[in-house]
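Below are the chains, spelled out letter by letter.
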Amino acid sequence: MPRVAYLGPEGTFTEEALRLLDPTAERLPCATVSAALNAARAGDADGAVVPLENSIEGAITTTLDEFAWGEPLLINAELLLPVQFSLLARPGTEIPHIKRVYTHPAAITQCRNYISRELPDAVVVAAPSTAAAAQEVSLPGSPYDAAIAARIAGEHYGLVELAADIGDRSDTVTRFVKVGRPGPLPQATGSDRTTLVVFLADDHPGALLEMLTEFSVRGVNLTRIESRPTGGGIGRYFFHFDFEGHVADARVGEAIAGLHRICGEVRFLGSYPRADGIAPQIKRGTSDPEFAEAAEWLARIRAGKV
Ligand SMILES: O=C(O)C(=O)C[C@]1(C(=O)O)C=C[C@@H](O)C=C1
């Protein structure tokens with residue numbers, strides 16, 4: 001049975017994602033995203049499940065930065081999980097008496113309207129995860145009056161649900177990924193995604209356009225692009241890309257090889273099946289047979305067979 005680390009404790013959305021991605025895995029709860037990834041790197045776990053982006057909050061920057069700087073890991077699966085939040089408290093608590101709320105920063109952003117409407121005077125404090133907040137609120141003598149977390153976390157830690165579905169939107173989704181140490185890649189399925197981190201060789205006019213051109217001319221559709229600070233000073237950034245296709249696809253392989261030629265460093269973070277099953281639109285001239293035919297044509301003219 002594989003042992004998989006995740007952002008815990010029990011009752012996080014990440015745990016729910018892990019249960020869906022790998023129902024038979026032995027679950028290893030960790031206090032932070034970094035600790036979960038380090039457990040996979042060190043071999044204390046066979047893999048890890050972590051959040052990567054949210055449809056309201058955007059990128060989970062800790063995850064992006066860990067993927068860029070830590071010991072390499074490869075993404076082998078992804079999951080899109082609808083997230084719904086509840087206001088949870090110790091039995092007997094009433095909403096007008098709530099002065100201190102504890103939850104994960106991503107939940108604060110996703111419940112902003114509810115908090116300003118129903119808890120205008122409450123101080124909201126950032127927790128390591130929504131379930132860690134629920135666990136803390138359940139302790140007698142906790143400095144917090146309520147947590148914002150999944151309903152299941154409330155059940156797990158003996159809290160009552162004072163309000164349900166308090167997210168600003170009912171269709172909020174968080175994307176989770178499962179990673180492992182470098183090894184064989186998942187097979188191409190025809191509906192895949194590839195993730196990369198790219199560091200520039202040097203800063204010059206058009207550097208971003210040159211990178212995008214490598215994708216554009218080969219008909220590779222991007223699904224996410226982020227710039228993140230390198231830490232080396234204001235204006236110094238590296239780039240995170242998600243795009244359609246598998247590294248085994250000719251157009252994807254050629255685009256990545258093009259980036260490798262023109263950029264400082266390209267870190268491959270994996271090719272894996274898309275959770276939404278969407279197949280890429282393949283532009284004329286960018287299918288595998290068309291790349292193969294063009295390579296044969298070039299070989300022929302190089303041999304003087306015109
Ligand atoms: O705190 C949790 O329950 C998590 O799994 C983390 C996390 C996140 O990092 O975005 C996951 C889903 C929700 O968007 C809120 C928090």
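As the structure is a computational prediction, the values presented were derived from the model and not from experiment. (Residues numbered from 1 in each chain as written. Predicted model: local features only at pLDDT ≥ 70, side-chain atom pairs only at ≥ 80, totals over all residues. Heavy atoms only, no water.)

Take the overall build of the protein chain next. Assigned secondary structure in the protein chain consists of ten helices and 15 strands. Projecting the C-alpha coordinates of the protein chain onto the three principal axes gives extents of approximately 85 × 45 × 35 Å. Within the protein chain, the proportion of its 306 residues that are buried is 47%. For the protein chain, the proportion of contacts with a sequence separation of at least 24, taken over those separated by at least 6, is 75%. Counting only carbon and sulfur atoms, one obtains 53% of the accessible surface of the protein chain, whose full area is about 14600 Å². Charge separation in the protein chain, taken as the distance between the mean sites of 28 positive and 39 negative side-chain charges, equals 4 Å. (Helix = DSSP H or I, 4+ residues; strand = E, 2+ residues; numbered from the N terminus. Buried < 20%, exposed > 50% of the residue type's maximum accessible area, 1.4 Å probe, protein only. Contact = heavy atoms within 4.5 Å. Areas by Shrake-Rupley, 256 points an atom, 1.4 Å probe, with all protein chains shown as cover. Lys, Arg positive; Asp, Glu negative; His and termini not counted. Charge placed at Lys NZ, Arg CZ, Asp CG, Glu CD.)

Here we come to the pairing of strand β9 (residues 146-149). Going residue by residue along β9, you find A146 and I148 tucked away on one face and A147 and A149 tucked away on the opposite face as well. With four bridges connecting them, strand β6 (residues 86-89) and β9 associate as antiparallel partners. Residue L88 lies in a different strand from β9, and its bridge partner there is A147. Pairing of strand β7 (residues 100-103) with β9 involves two bridges; the strand directions are parallel. The residue of β9 that forms the bridge with Y102 is A147. (Pairing = 2+ DSSP bridges.)

A few words on the packing of aromatic side chains. Following the criterion strictly, the structure yields seven aromatic pairs and no others. When the ring of W69 is compared with that of F238, the centres are 5.5 Å apart and the planes differ by 80°; the resulting orientation is edge-to-face. With W69 in helix α3 (residues 61-69) and F238 in strand β14 (residues 237-244), this pair connects stretches of sequence that are 169 residues apart. The class of W69 is partly exposed, set by a relative accessible area of 48%. In this structure F238 comes out as buried when scored by relative accessible area, which is 0%. (Phe/Tyr/Trp six-rings, centres within 6.5 Å; stacked < 30°, edge-to-face > 60°.)

We now examine the UniProt feature "domain: ACT" (unreviewed entry) in the protein chain. In this numbering, the UniProt entry assigns the feature "domain: ACT" (unreviewed entry) to residues 196-273. Along residues 196-273 the backbone is 29% helical and 37% strand, and the end-to-end C-alpha distance reaches 15 Å. (UniProt positions renumbered as here; feature names shortened; annotations may be inferred.)

Taken together, 14 residues are adjacent to the ligand, and F13, T14, Q110, T130 and T174 come closest. Contact distances for the ligand include 3.0 Å between an oxygen atom and a backbone N or O atom of F13. Between the ligand and the protein, one listed contact pairs an oxygen atom with a side-chain N or O atom of T14 at 2.5 Å. Compared with its free state, where it exposes 360 Å², the ligand has 100% of that area covered by protein. Listing elements by their share of the shell around the ligand, those giving two or more residues are α1 (13-21), β3 (47-54), α4 (105-110) and β11 (173-180). A class-by-class count of the residues in the shell around the ligand yields six nonpolar, eight polar and no charged. (Near = heavy atom within 4 Å. Polar contact = N/O pair within 3.5 Å; in protein donor to acceptor, adjacent residues only side chain to side chain. Nonpolar A, V, L, I, M, F, W, Y, C, P; charged D, E, K, R; others polar.)

So, about the environment of H156. Secondary-structure assignment places H156 in helix α7 (residues 151-157). Separated by 146 residues in sequence, H156 and E10 place their C-alpha atoms 7.9 Å apart.

Checked against the element boundaries, D121 lands in the loop between α5 (112-118) and β8 (123-126). Between the alpha carbons of D121 and H97 there is a distance of 9.9 Å; along the sequence they are 24 residues apart.

The antiparallel open sheet is built from four strands, whose spatial order is β13-β14-β12-β15. Of all strands in the sheet, those with a lone pairing partner are β13 (222-229) and β15 (265-273), marking the two edges. With strand direction ignored, the average angle separating the axes of adjacent strands in the sheet is 15°. Alignment of strand β12 (residues 192-199) against β14, held across six bridges, turns out to be antiparallel. When the sheet's bridge partners are listed, V197 is paired in β14 with H240. Sheet strands touched by helix α8 (residues 207-216): β12, β13 and β14. Its angle to β14, the strand with the most contacts, is close to 15°. (Axes fitted to C-alpha atoms, helices over the stretch in contact; angles between N-to-C directions.)

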